[in-house]
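Below are the chains, spelled out letter by letter.
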2 protein chains.
Amino acid sequence: MIPVNKQRVADLIAGLAKFGKTDAGITRLAYTSTDKAAQMWLLKEIEYMNLEVREDVLGNLFIRKPGLDPNQPPVACGSHLDTVIHGGAYDGMCGVVGALEAIHMLEDETLRRSIEVIVFRAEESSRFGFATIGSKLITGKARPDKFADAARKDDISFKEAVKEWGGNLAEYEKAVLKPGAYKCFAEMHIEQGKVLEETGHQIGIVHNIAAPTRFKLHIKGMADHSGATPMGFRKDALVSASKMVLAIETAAIREKDHGTVATVGIVEVDPGSINVVPGRVTLWVDLRGVDTESIGRTLKEIRQAAQGTARTDGVEIEEEMLTSDAPVALDEKLAAQSEAICKEQKKSFLHMNSGAGHDAMHMPAICPTTMLFIPCRGGISHNPEEYAKNEDICAGIEVLAEILKREAK
Amino acid sequence: MIPVNKQRVADLIAGLAKFGKTDAGITRLAYTSTDKAAQMWLLKEIEYMNLEVREDVLGNLFIRKPGLDPNQPPVACGSHLDTVIHGGAYDGMCGVVGALEAIHMLEDETLRRSIEVIVFRAEESSRFGFATIGSKLITGKARPDKFADAARKDDISFKEAVKEWGGNLAEYEKAVLKPGAYKCFAEMHIEQGKVLEETGHQIGIVHNIAAPTRFKLHIKGMADHSGATPMGFRKDALVSASKMVLAIETAAIREKDHGTVATVGIVEVDPGSINVVPGRVTLWVDLRGVDTESIGRTLKEIRQAAQGTARTDGVEIEEEMLTSDAPVALDEKLAAQSEAICKEQKKSFLHMNSGAGHDAMHMPAICPTTMLFIPCRGGISHNPEEYAKNEDICAGIEVLAEILKREAK
């Protein structure tokens, strides 16, 4: 195996980071022209590798290094290129760049199976409110009617975005992969937490992925003039929404020993004028955990708080469920293999769970799946401060390349 | 005096309501092309009246019916044409249409002084975060550098908006009026409260106008991944902001017997993604009252709550004062005259204060000023449900016309 080329890895990550760069971090939302430009640039950069490139009707990209036996299901790896609003340069990108570098390292190896790098589209939920859309659809974990009309305020819908990209949601079935389509799938990703950094480990071997339950709370009060409406005569939807934000935090804190977390990340205030008592507020809630019962208890408590607030404040609170995924167990044999590789390569490792969702959470539907975490500074991600050391990224790539080699033999 | 023409009044109000009409009420923000189109339409509709029309460099409009003696300061009246986001068809419009109809009614009168209808620009704060900008500037109550760069997220600044309109903020001094420029000013407006409706009075004679104190609270926490950041490791700016929304409500409720109110009408969440713990939140606060001491106590309590929240939550909270106006006393002689007119016209009336701000609050700087309120249904304004009966509007116009007649004699 050829040694990892640290400079090439650094250059590709730095090059991708230019697409969507602003004073407040990187904003490269899925299916935008910025997303497209980043992908075009990457493909141009690796043109000399002579890999086979195809894109499905949903915009997922497949970059293949052919093996000796094209009839064998390939070994897959990969991640995503889209970011959140004001995000960083490592989340997703390390997994894509790392997979491409791993293929580089395997150039001098004779492998029976093809290796395929998948660039999943729309992993982040920042644009449509749904995460891992590309991987969900191609693994048959969801049907497109669930997302088709999803859109942020003042933006086009998922269906329109796919079309703008050059895809076609109506033909999505062409993109759906059959179970067994791959021998296995491996994703390398920054941890997005502080455990590896604080405990001084190089590699996290992931066993379970927490599931996101996402819903909106629509709170309907009464819009009124902010100067002429006395305090006792108001149905201020934002006051009720604020009670719900605090109730959601309290419910999650109560379950924190089970690893459950809950976040309100988006607040939409209508009409949103300084001189009008808010008439309607929508909160977007993200609830996650690895323990299904704990998630259920948290949701129950949030619903009770919503009923209580609606009653005491005289407002209406309606829940709109967006997605409710089950926690996912990854492949234990692949995890054991990663442990063996880490030991051989004398890399420190830790067995852990993922609090964040990843494309890898859907891949078990079609093939055995594993994930590797690498440390990121301060556990920070989805933020301009997001950072992973080149040394740590390359250590992860060395493990990934060995996994791919063993599986593709 | 010619009797009020109810049909003409209804037609002008209905005609203006077409500009900016949406499924969710009327949105006609100041200085937009919609605002311009509404004004152009109105001027076209009254072209046959042969009034003198001029516009100042800020976009304020002056429509004059000349009197016999052009050297005498004119009698002024008027209101505004802009609305909040998702507003109604009566706030501002009744005062403009009513003033024009009053001029109509005085066509058969021989008057010494000219009468001028002023259409003030940017009364609502919905576009720039500052209210009554046009009237503040022409009465010398503020200098334009205070507003020049004011802008909502993703919109042009006040300075740019004035330019787009065809004005020139750099030459604003040309628009400033000298004390004594008018004999007096009278504004008719919907009450925007429920008092007249509930007590069954036709006319409110306004003595004081509550002052808005407006400020932003910038709350700075730490953006983090919503799945991978345990509850105990967060500095969620939205959680702290929610505590502040509730603290602001509590502070105002404590002062409600003094007529003080406080409202958070705008919430800006950064980055505003469902999968990111909010790192920064900005709250726009509107605090109003007629009692300066009560306003001061409320502000003090809000500031203490901000300090406490910053300390307990480990976030930074910074206050940015936007505007802090003093309550305004209107002219008592004009109020007494309105009372006399109501009695002569056998209209029921009530002496009251205005909780809402109006262009009239700045006019005492240059001339004696009075205001008339007319009832509006349910006290609702700044809302698609805003409604005033034609009969009530016309009753107000009859009083207004008589005021203008007596003052212009």
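About the thresholds
- Residues numbered from 1 in each chain as written.
- Chains lettered and ligands numbered in written order.
- Predicted model: local features only at pLDDT ≥ 70, side-chain atom pairs only at ≥ 80, totals over all residues.
- Heavy atoms only, no water.
- Contact = heavy atoms within 4.5 Å.
- Buried area = accessible area lost by both parts, 1.4 Å probe.
- Salt bridge = Lys/Arg side-chain N within 4 Å of Asp/Glu carboxyl O.
- Polar contact = N/O pair within 3.5 Å; in protein donor to acceptor, adjacent residues only side chain to side chain.
- Helix = DSSP H or I, 4+ residues; strand = E, 2+ residues; numbered from the N terminus.
- Buried < 20%, exposed > 50% of the residue type's maximum accessible area, 1.4 Å probe, protein only.
- Phe/Tyr/Trp six-rings, centres within 6.5 Å; stacked < 30°, edge-to-face > 60°.
- Pairing = 2+ DSSP bridges.
- Axes fitted to C-alpha atoms, helices over the stretch in contact; angles between N-to-C directions.
- Least-squares fit on C-alpha atoms with pLDDT ≥ 70 in both.
- Expected span 1.5 Å × (residues − 1).
- Arc of directions from axis to C-beta.

Is there a simple way to explain the interface of chain A and chain B in this structure?
The parts lose accessible area when they come together, and the size of an interface is often stated as this lost area. The interface is formed by 65 residues belonging to chain A together with 64 residues belonging to chain B. Between chain A and chain B the total buried area reaches about 5100 Å² when both faces are included, carbon and sulfur atoms providing 61% of it. Its largest share of buried area at the contact with chain B, chain A owes to His225(A), Met231(A) and Ile274(A), together 16% of the area lost on that side. The interface formed by chain A and chain B includes zero salt bridges. Taken together, chain A and chain B are joined by 22 residue pairs in polar contact (both at pLDDT 80 or more). Elements with a contribution of two residues or more to the side of chain A that touches chain B: β10 (224-225), α7 (237-254), β11 (261-270), β12 (276-277) and β13 (280-289) of chain A.

What should I look at first to understand the pattern of salt bridges in this one?
Two side chains bearing opposite charge may form a pair once their charged atoms approach each other closely. All names here are of chain A. Applying the stated criterion across every chain yields a total of 44 salt bridges over all chains. With a shortest N-O distance of 2.9 Å, Glu402 and Arg406 are connected by a salt bridge. Separated by four residues within a single helix, Glu402 and Arg406 lie in helix α10 (residues 390-408), roughly one turn from each other. Taking the relative accessible area as the measure of exposure, Arg406 reaches 28% and is therefore partly exposed.

Please explain the packing of aromatic side chains as it appears in this structure.
For any two aromatic rings, the description comes down to two numbers: the centre-to-centre distance and the angle of the planes. Residue and element names in this part refer to chain A. According to the stated counting rule, one finds 18 aromatic pairs over all chains in the structure shown. Look at Tyr31 and Phe128: their rings are 6.3 Å apart centre to centre, the planes differ by 65°, and that puts the pair in the edge-to-face class. Of the two residues, Tyr31 sits in the loop between β2 (25-26) and α2 (33-45) while Phe128 sits in the loop between β6 (115-120) and α4 (133-138), which places them 97 residues apart along the sequence. Phe128 gets classed as buried once you look at its relative accessible area, which sits at 2%. Measuring from ring centre to ring centre gives 5.0 Å for Phe130 and Phe147, while their planes differ by 75°; the resulting arrangement is edge-to-face. With Phe130 in the loop between β6 and α4 and Phe147 in the loop between α4 and α5 (158-165), the pair connects residues that are 17 residues apart, well separated along the chain. By the burial criterion, Phe130 is buried, and Phe147 matches it.

Is there a simple way to explain unusual backbone geometry in this structure?
Where the residue is not glycine, phi is negative for most of them; where a peptide bond is considered, it is trans in most cases. The step from Asp270(A) to Pro271(A) runs through a cis peptide bond, and the omega angle for that step is 5°. Its location among the elements puts Pro271(A) in the loop between β11 and β12. Here Ala122(B), not a glycine, exhibits a phi torsion of approximately 60°, which is positive. Although it is not a glycine, Gln192(B) adopts a positive phi angle of roughly 65°. Relative to the helices and strands, Gln192(B) resides in the loop between β7 (184-190) and α6 (195-199). For Gln192(B), a relative accessible area of 1% translates into the label buried.

What is the right way to read the side chain of Asn383(A) from this model?
With respect to the helices, strands and loops of the structure, Asn383(A) is situated in the loop between β17 (369-374) and α10. Asn383(A) sits in the buried class, given a relative accessible area of 7%. Separated by 2.7 Å, the side chain of Asn383(A) and the backbone nitrogen of Glu385(A) make a polar contact. Non-local contacts of Asn383(A), meaning those with residues more than four positions away in its chain, are made with His86(A), Gly87(A), Gly88(A), Met222(B) and Ala223(B).

In this structure, what is going on with the sheet that holds strand β9 (residues 211-220) of chain A? I would like to understand it.
The strands making up a sheet are joined through hydrogen bonds of the backbone, oriented either antiparallel or parallel. Residues and elements named next belong to chain A. Across the sheet, which stays open at both edges, the four strands sit in the order β11-β13-β9-β14 with antiparallel pairing between neighbours. Bordering the open sheet on either side are β11 and β14 (316-324), each of which pairs with just one other strand. Going across the sheet, the axis of each strand differs from the next one's by a mean of 20°, ignoring polarity. Here β11 pairs with β13 via nine bridges, running antiparallel. Opposite Val269, over in β13, you have Val281 as the bridge partner.

How should the relation of the copies chain A and chain B be read in this particular structure?
For the pair of chain copies, the relating transformation is a rotation about an axis with a translation along it. Its rotation angle being 180°, the transformation that places chain A on chain B also includes 0.0 Å of axial translation and leaves an RMSD of 0.0 Å. Such a combination of rotation and displacement between the chain copies is what one expects of a two-fold axis. Among all C-alpha atoms of chain A, that of Ser242(A) lies closest to the rotation axis, at 2.2 Å. A high fraction, 98%, of the interface residues of chain A reappear at the interface in chain B, so the copies pair face to face through one surface.

Where do I start with the sheet that holds strand β14 (residues 316-324) of chain B in this structure?
Residues and elements named next belong to chain B. Pairing within the open sheet is antiparallel, and its four strands lie in the order β11-β13-β9-β14. With partners counted over all chains shown, the strands left at the sheet margins are β11 (261-270) and β14, one partner each. Looking at each pair of strands side by side, their axes are set apart by 20° on average, direction ignored. Sheet topology note: the strand β9 (residues 211-220)/β14 ladder contains eight bridges and is antiparallel.

Sorry, what's going on with helix α10 (residues 390-408) of chain B here?
Residues lying three or four places apart along an α-helix face the same way, a consequence of the helix completing one turn every 3.6 residues. For α10(B), with 19 residues, the first-to-last C-alpha span of 26 Å sits near the 27 Å given by 1.5 Å per residue. Counting buried residues in α10(B) gives 15 out of 19 residues, a clear majority hidden from the surface.

What should I look at first to understand α5(A) in this one?
All names here are of chain A. Within α5, the full set of buried residues consists of Phe158, Ala161, Val162 and Trp165. Looking straight down α5, one finds its buried side chains confined to an arc of 100°; they lie on one side. Opposite the buried face of α5, at more than 90 degrees from it, the exposed residues are Lys163 and Glu164. Where α5 is buried, its residues meet α2, β3 (52-55) and α4. Phi turns positive one or two residues past the end of α5, at Gly166, with a value near 115°.

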